Structure formats: C-alpha cells, structure tokens
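Spelled out from the first residue to the last, the chains are:
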Amino acid sequence: MSWVVLVAAAGGVALISAFLMLLYIASLMASPKPFSLSGAHVVVTGGSSGIGKSIAVECFKQGAFITLLARNENRLLEAKKEIEKYAVNDKQVVHCISVDVSKDSADVERVLKQAQEKLGPIDMLVNSAGMSVTGKFEDLDTSSFEKLMAVNYLGSVYPTRAAITTMKERRMGRIVFVSSQAGQVGLFGYSAYSAAKFALRGLAEALQMEVKPYNVYVTVAYPSDTETPGFIEENKTKLLETRLISESSSPLYQPDYVARIIVKDAIQGKFSSSIGTDGHMLNILTSGMSPMNSLGEALETVICMGLFRLIGQYYTASFDSIVRRCMIQKEKSEKTD
Ligand SMILES: NC(=O)c1ccc[n+]([C@@H]2O[C@H](COP(=O)([O-])OP(=O)(O)OC[C@H]3O[C@@H](n4cnc5c(N)ncnc54)[C@H](OP(=O)(O)O)[C@@H]3O)[C@@H](O)[C@H]2O)c1
Ligand SMILES: *[C@@H]1O[C@H](CO)[C@@H](O)[C@H](O)[C@H]1NC(C)=O
C-alpha cells in the first residue's frame, strides 16, 4: 500500500508547487500604466483600407490624432474623409502620407519624422500594412516569398525603428503588429504568407523584452478571415483547399469588430490579441513562452492546454481530410475529361 501514499504525496507536492508558481507568475505580471488615446498621436500603416482603416476610425473615435501611411494617394484621401466623420472634437486631424513601407527604411524614417513634427511624438504605432498571396509552395514564384517578407515583415520593422527610440525616451508607447492566425499555424496554400506572419511574432517577443522596462508595450494581433477589400481580392484566386480549411475553422469577421478588439487590447498592453472563441483557443494553444496577458489566462493555460492540444489535433486531422478529398475530386474530374 505504501506506493499509494507515495503517489498521493507526490501529487500533492506537484499541485502545491504549481499553485505557488502561479502565484509567483501573477506577482510578476505588473500591469502597464493606463494609456489614453485622447489627444494621442496614432500612426497606422495600411490605414487606407480594411483592418487598418477600421483601427484608425476606432482611435479617432477615442480622440486620437491620426497619421495614415499607404501608397495609393486617392485611397488615402478617401479614407481620411471617412475617418474625419467620427471626430469627437474640432482639434482632431487626420494626416496622410503616401509611402511604401517595405522599400526604403530611410524613406519611412523621413516621413515619420515629418509626421511627428506635425502631430507630436508617436504614442501608438499600428503596423497593419500587409498582403497575402496563396498558392502551393512550388507554384508560388520566388518573388512572392520575397515580396511577402518585405511587406509583412520588413514593412513592420522600418516604421517600428522610426518610432521606438522616442517612445523609450518618453517612457511610454504602444506598438501593434497585425499578424494573422496564419502566423500561429501554417496552413495549406500559405507557405509564403505564414512564414512572414510567424516572423512578426519572434520580432515582437524580443522587442517586448527590450522595451518593457521603458513602459512601452507590444501587441501582436492574430485575426482570422476578415471581410476587407484585401480579403475579397485574395479570395478570388484562393485555392479550394485553403478556402475550405479557413471556412471550416472560423467565421468571417467584420473589420470594425476586429479593430475594436485590437485597439482595446493594445491600450491594455496585452501581448497577444485574438478574435473570437477559435482565436482565443488557438492563442492559448500556441502561446509558447510569450508574455501572459492575465492571471486568468495563466490558469486557463495550465488547466486547458492538454485538452486544447487534442482539439487542435482534431482540426489538423480534419484539414488533412479536406486536402485528401480535394485531391480525389481533382483526380476523378481529370479522368472523366
Ligand atoms: N483580411 C483578413 O482576412 C486578414 C486576416 C488576418 C490578417 N490580416 C492582416 O491584416 C492586415 C490588413 O489586412 P486587410 O485585409 O485589412 O488589407 P487591405 O484591405 O488589403 O489593406 C491593406 C492596406 O495596406 C496598405 N499597403 C499594402 N502594401 C503596402 C506597402 N508596401 N506600403 C504601404 N502600405 C501598404 C494598402 O494601401 P496601398 O495598397 O495603397 O499601399 C492598404 O491600406 C494585413 O497585414 C493582413 O495580412 C488580414
Ligand atoms: C470567396 O470565393 C468563393 C468562390 O469563389 C465565393 O463562393 C465566396 O462567396 C467568396 N467570399 C467572399 C467573402 O467574397
């Protein structure tokens, strides 16, 4: 019978240590100082369309001054007009700058210097400029891999470099990276896109560790399919497998809803920002050693990680079966042709 006592004792010790560890982690999770968008200067790359535009609207509604960065001038001006409708006071300004965030870091630095001379130091930078190309790995041009890395990854590095020094000096600021669920899990058709969105997470984790002592907080957002002009365009050439997998795992969200959550999480200084129940579970499952957002999340991770791993595996298996079915279908239709 002595082994029963031993197992029980070991279990008890493990439980108590886990609890003490959790308390210790909780004590380390100092929450960031409160941050208000009223009168703040918010820069949004990719702010002329989709999620970026909705984030700009949300910040404007909370009293921020906005700088929008994107390439196409007409779309920038249209977005400016739309955002200005939501002014909450008559001092608020929307400033537009046409620039490619992925090409020349000196260019990006120059325009952000201009923006700060006009509207003051940047309080929050949202890196939302991005794009996706889908296709099977061997069908994608190598130029697509280069392009996606340039826009999604380097296009977030350059603006962040131009903003971070002043934020550290002022001991305040928020940096947001808009990644994707495809930046948490690699999926059929997304070999080029997923890699670039995964890169943002590594960047964000390292940067957060460096800037936290300066009261600067980094947020990585992992939205799933969102009905934006970019999504509708990409949907036209999306592989059947990719579309079926996406549709089977999460609903299509509206950009305003996604933007509200991202802005709220960024203000609170949350490291990971996810949308919906599916996003929340994926976030816990793929959290690795990323900073925790709250004690609730710590508890949930400890209790649910194993179960979520199983559910995740169920999804992986169902995605594999979608891929197999599409292949059989294709072979059949080729035979009858
Ligand atoms: N929609 C989704 O389903 C979804 C899901 C997960 C993640 N995301 C991510 O969310 C972000 C926004 O996506 P969205 O669907 O809202 O995109 P969107 O409607 O296509 O808008 C993209 C924005 O980025 C700008 N942009 C693109 N390339 C640029 C460059 N090289 N330099 C400067 N600006 C550039 C575009 O303006 P110009 O073309 O005029 O430059 C536009 O303002 C992206 O990072 C995307 O990967 C989207
Ligand atoms: C995406 O494309 C598919 C097929 O081409 C279509 O059935 C679906 O409605 C499209 N979705 C959106 C949001 O445009």
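Residues numbered from 1 in each chain as written. Chains lettered and ligands numbered in written order. Predicted model: local features only at pLDDT ≥ 70, side-chain atom pairs only at ≥ 80, totals over all residues.

### Focus: the site of ligand 1
Next up, step 1: What surrounds ligand 1 is a group of 32 residues, the closest being Gly 46, Gly 50, Asn 72, Gly 130 and Gly 230.
Next up, step 2: Residue assignment for the shell around ligand 1 shows that the elements contributing at least two residues are α2 (50–61), β2 (65–70), α5 (142–170) and α7 (229–235).
Next up, step 3: The class makeup of the residues in the shell around ligand 1 is eleven nonpolar, 17 polar and four charged. (Near = placed C-beta within 6 Å. Helix = DSSP H or I, 4+ residues; strand = E, 2+ residues; numbered from the N terminus. Nonpolar A, V, L, I, M, F, W, Y, C, P; charged D, E, K, R; others polar.)

### Some words on the environment of Ser 49
Next up, step 1: Looking at where Ser 49 falls in the secondary structure, it is placed in the loop between β1 (41–45) and α2.
Next up, step 2: Spatially, the C-alpha atoms of Ser 49 and Glu 78 are 9.6 Å apart, while their sequence positions differ by 29 residues.
Next up, step 3: What Ser 49 contacts, discounting residues up to four positions off in sequence, is Arg 75, Thr 228, Pro 229 and Gly 230. (Contact = placed C-beta atoms within 7 Å.)

### Things to note about the pairing of strand β4 (residues 124–127)
Next up, step 1: Side-chain alternation along β4 places Met 124 and Val 126 on one buried face and Leu 125 and Asn 127 on a second face that is also buried.
Next up, step 2: As defined by bridge partners, β1 adjoins β4 across four bridges and the pair is classed as parallel. When the sheet's bridge partners are listed, Val 42 is paired in β4 with Met 124.
Next up, step 3: Pairing of β4 with strand β5 (residues 173–178), which is carried by four bridges, proceeds in the parallel orientation. Pairing of Met 124 across the sheet is with Arg 174, part of β5.
Next up, step 4: Since β4 and β5 lie parallel, the crossover through α5 that links them has a hand, and here it is right-handed. (Buried ≥ 20, exposed ≤ 12 C-beta atoms within 10 Å, placed from the backbone. Pairing = 2+ DSSP bridges. Right-handed = clockwise from strand over helix to strand, strands pointing away.)

### Some thoughts on the nonpolar core
Next up, step 1: One finds Val 42, Val 43, Ile 66 and Leu 68 to be the most contacted residues of the largest nonpolar core, which totals 69 residues.
Next up, step 2: Broken down by element, the residue count for this core peaks at eight residues, all from α5.
Next up, step 3: Among residues more than four places away in sequence, those in contact with Ile 66 are Val 42, Val 44, Ala 56, Cys 59, Phe 60, Ile 83, Val 94 and His 95. (Core = buried A, V, L, I, M, F, W, Y, C linked by C-beta atoms within 7 Å.)

### Some words on the environment of Lys 212
Next up, step 1: Along the chain, the position of Lys 212 falls in the loop between α6 (191–211) and β6 (216–222).
Next up, step 2: Classification of Lys 212 by C-beta neighbours within 10 Å gives partly exposed; the count is 16.
Next up, step 3: Expressed as a C-alpha distance, the spacing of Lys 212 and Lys 332, which sit 120 residues apart in the sequence, is 57 Å.

### Focus: the sheet that holds β6
Next up, step 1: Spatially, the seven strands line up as an open sheet ordered β3-β2-β1-β4-β5-β6-β7, and their pairing is parallel. Both outer strands of the open sheet, β3 (94–98) and β7 (272–274), are each paired with one neighbouring strand and no more. Each strand of the sheet is rotated relative to its neighbour by a mean of 15°, with strand direction disregarded.
Next up, step 2: Here β5 pairs with β6 via six bridges, running parallel. Pairing of Gly 173 across the sheet is with Val 216, part of β6.
Next up, step 3: The strands touched by helix α4 (residues 105–119) are β1, β2 and β3; relative to β3, the strand with the most contacts, the crossing angle is about 165°. (Axes fitted to C-alpha atoms, helices over the stretch in contact; angles between N-to-C directions.)

### Quick word on the packing of α5 against α6
Two numbers describe a pair of packed helices, the interaxial angle and the distance between the axes.
Next up, step 1: Their axes nearest at 8 Å, the elements α5 and α6 cross at an angle of 15°. Judged on the interaxial angle alone, α6 and α5 are roughly parallel. Here α5 and α6 pass one another in a crossing that is right-handed. Facing α5, whose interface residues are Ser 144, Phe 145, Leu 148, Met 149, Asn 152, Tyr 153, Ser 156, Val 157, Ile 164 and Lys 168, α6 presents Ala 192, Tyr 193, Ala 196, Lys 197, Ala 199, Leu 200, Leu 203 and Val 211. (Parallel < 35°, antiparallel > 145°, perpendicular 65-115°, else oblique. Left-handed = near helix turned anticlockwise from the far one by under 90°.)

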